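# Results of the structural survey
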Protein chains: 2
Amino acid sequence: MRVAEFDREYVLRQAMIAFTQYGYAKTSMQKLTQVTALHPGSLYAAFKNKKGIFLAAIEQYQADRNQQFTNLFCADKAVLPNLKAYIDSVVAECVSGDSMKVCLLTKSISEVEGQDEQISQVLSDNLNAYENTLAEQFNRAILKNEITTEYTAKQRARFLAMGLYGLRTYALTNNKRDDLKQLADDLYIAITK
Amino acid sequence: MRVAEFDREYVLRQAMIAFTQYGYAKTSMQKLTQVTALHPGSLYAAFKNKKGIFLAAIEQYQADRNQQFTNLFCADKAVLPNLKAYIDSVVAECVSGDSMKVCLLTKSISEVEGQDEQISQVLSDNLNAYENTLAEQFNRAILKNEITTEYTAKQRARFLAMGLYGLRTYALTNNKRDDLKQLADDLYIAITK
DNA sequence: CCTTATCTTGAGTGTACATTCAAGATAAGG
DNA sequence: CCTTATCTTGAATGTACACTCAAGATAAGG
């Protein structure tokens, strides 16, 4: 009768950062023991194996992202300004030296696609949920007459998701703030037309 | 006095496919000996090490891509129809089960970013060259009055590059042909407006 | 304060990896 | 047809990895 001592959220966030930085394959268990300050046995007891840690870290990542998103869009203010601010925040992440400038979900799905069906599915589900979250905002914008119904909320959400995935990838080849800002502005125009 | 027996292009294309499918880290030398039908010693003699094989494969990939591109855009016909066909060909690649549905360059840069500065630089250079190739086409389109000068060729090329990177990533989360086609059509509209 | 269930510890295990190298094979030059 | 430089072969090497497990530590219940 003894209770686990470590802080699960802290451990998963540390793991999350490592996986984002090094990728799934190149994040060794040794690295994970270092960043979490847990011994192998504890990690295996808590998460079964490396894949278990990864899946739990993804869950934490998504929870954190949802929180961030909810904070930004909670107000019953106009949707579009929030959306613009959100897109700009992605640009800010991209130009920051931070390792979180890449998205754990897209980076991981690109890595494990065709190798691990279960992980791929989880990642895909989370990214689809993200797209749906975006679509909700576009629906709100339609209800508030901020955008036309020329395109459906779903269509706009898809295009924005594609654009943001692309923006993060593009930023790996060109990290100039002005260029990324321009792309973000053009993307905003495209999805609000 | 003896000449190497293997077909360098064949070997590199096989390596290229493996790297695209499994990623850099998870493509083992054993796998490479299998797909190239070469023994370790031969591979090391010809390419120095795994990284050497990878860099050579990237070079081959880019050469092949340039060839494909030149074939598509060689004609002094109108630019936009060719561009549309090119974008649609990316959609076709995305929905195909083929392992080449992902781009070796973007997948690799996402993987090795922050791990190997030399490889990152090579990939970044190649992707920038790709962007410039796209910009050339937009310049031609401007000269032929197919598009306005509201946006520069460079701007349009950047937006298209971003869109295509995003499209390939998005396809990993949603492989429905209609949705991807719609995104491609919307992307085409955005860059030719 | 003792029992017991559970957690923590970290050395140990087997496997897979990138790379090397010496022996054998083979083509060009004389 | 012999020499020799170069290529091919594949077993061997050392390292890094994911994962295990038995011994030790510690908290809750009685």
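About the thresholds
- Residues numbered from 1 in each chain as written.
- Chains lettered and ligands numbered in written order.
- Predicted model: local features only at pLDDT ≥ 70, side-chain atom pairs only at ≥ 80, totals over all residues.
- Heavy atoms only, no water.
- Least-squares fit on C-alpha atoms with pLDDT ≥ 70 in both.
- Contact = heavy atoms within 4.5 Å.
- Salt bridge = Lys/Arg side-chain N within 4 Å of Asp/Glu carboxyl O.
- Helix = DSSP H or I, 4+ residues; strand = E, 2+ residues; numbered from the N terminus.
- Buried < 20%, exposed > 50% of the residue type's maximum accessible area, 1.4 Å probe, protein only.
- Axes fitted to C-alpha atoms, helices over the stretch in contact; angles between N-to-C directions.
- Parallel < 35°, antiparallel > 145°, perpendicular 65-115°, else oblique.
- Left-handed = near helix turned anticlockwise from the far one by under 90°.
- Domains from an automatic or database assignment.
- Buried area = accessible area lost by both parts, 1.4 Å probe.
- Polar contact = N/O pair within 3.5 Å; in protein donor to acceptor, adjacent residues only side chain to side chain.
- Nonpolar A, V, L, I, M, F, W, Y, C, P; charged D, E, K, R; others polar.

Looking now at the relation of the copies chain A and chain B. To go from the first copy of the chain to the second, apply a rotation about an axis and then a shift along the same axis. Placing chain A over chain B gives an RMSD of 0.0 Å and needs a rotation angle of 180°, together with 0.0 Å of translation along the axis. Taken together, the turn and the small shift mark the pair as related by a two-fold rotation axis. Closest approach to the rotation axis among the C-alpha atoms of chain A is made by G166(A), whose C-alpha sits 1.8 Å away. A shared binding surface is used by both copies, with 100% of the interface residues of chain A retained as interface residues in chain B.

The subject of this paragraph is the pattern of salt bridges. Residues and elements named next belong to chain B. According to the stated counting rule, one finds 28 salt bridges over all chains in the structure shown. The partner of R13 in a salt bridge is E9, and the shortest N-O contact between them spans 2.6 Å. On the criterion of helical spacing, the pair formed by R13 and E9 is a turn pair, its members being 4 residues apart in helix 1 (residues 8-26). Of the residues examined, R13 reaches a relative accessible area of 29% and is grouped as partly exposed.

With that settled, consider the packing of helix 4 (residues 50-73) of chain B against helix 5 (residues 79-95) of chain B. Residues and elements named next belong to chain B. Relative to each other, helix 4 and helix 5 sit at 140°, their axes nearing to 9 Å. By the angle between their directions, the pair helix 4 and helix 5 is classed as oblique. Relative to helix 5, helix 4 is oriented so that their crossing is right-handed. Only V79, N82, L83, Y86 and E93 of helix 5 make contact with helix 4, whose side of the interface consists of R65, Q68, F69, L72 and F73.

Let us now look at the domain arrangement of chain A. Residue and element names in this part refer to chain A. Domain boundaries assigned for chain A yield domain 1 (1-74) and domain 2 (76-193). Spacing between the C-alpha centres of domain 1 and domain 2 amounts to 24 Å. With 20 residues of domain 1 in contact, the opposing surface of domain 2 contributes 29 residues. Counting each side, the surface lost to burial between domain 1 and domain 2 is near 2200 Å², with a carbon and sulfur contribution of 65%. The largest contributions to the domain 1 side of the interface with domain 2 come from T20, F69 and F73, which together make up 30% of the buried area. Counting across the interface, domain 1 meets domain 2 through 2 salt bridges. D116 is the salt-bridge partner of K51, the closest N and O atoms lying 3.0 Å from each other. Applying the counting criterion to the domain 1 and domain 2 interface returns 10 residue pairs in polar contact (both at pLDDT 80 or more). Only helix 1 (8-26) and helix 4 (50-73) provide two or more residues apiece to the side of domain 1 that touches domain 2. Examining the composition of the side of domain 1 that touches domain 2, we find that 11 residues originate from one element, helix 4, more than from any other.

Moving on, we come to the environment of N174(B). When you line up the elements, N174(B) lands in the loop between helix 8 (153-171) and helix 9 (177-192). For N174(B), a relative accessible area of 8% translates into the label buried. Measuring from C-alpha to C-alpha, the distance between N174(B) and V95(B) comes to 9.5 Å, with 79 residues separating the pair along the chain. Non-local contacts of N174(B), meaning those with residues more than four positions away in its chain, are made with R158(A), D179(B) and L180(B). A distance of 2.9 Å separates a polar side-chain atom of N174(B) from the backbone nitrogen of K176(B).

All names here are of chain B. At A37, a residue that is not glycine, the phi angle is positive and equals roughly 60°. Its place among the elements puts A37 in the loop between helix 2 (29-36) and helix 3 (40-47). Here the phi dihedral of K48 falls at roughly 75°; this positive angle occurs in a residue that is not glycine. By the element assignment, K48 lies in the loop between helix 3 and helix 4. When its relative accessible area of 67% is taken as the criterion, K48 is described as exposed.

Glancing now at the interface of chain A and chain B. Contacts between the two partners involve 39 residues from chain A and, on the opposite side, 39 residues from chain B. Around 3400 Å² of area is buried between chain A and chain B when both sides are counted, 61% of it from carbon and sulfur atoms. Put simply, chain A and chain B have 4 salt bridges between them. Where D179(B) meets R158(A), a salt bridge forms, and the shortest distance between an N and an O atom there is 3.2 Å. Across the chain A-chain B interface, the total number found is 14 residue pairs in polar contact (both at pLDDT 80 or more). Every element with two or more residues in the side of chain A that touches chain B is listed here: helix 1, helix 6 (104-112), helix 7 (117-143), helix 8 (153-171) and helix 9 (177-192) of chain A. With 11 residues, the single largest contributor to the side of chain A that touches chain B is helix 8 of chain A. A class-by-class count of the residues in the side of chain A that touches chain B yields 16 nonpolar, 13 polar and 10 charged.

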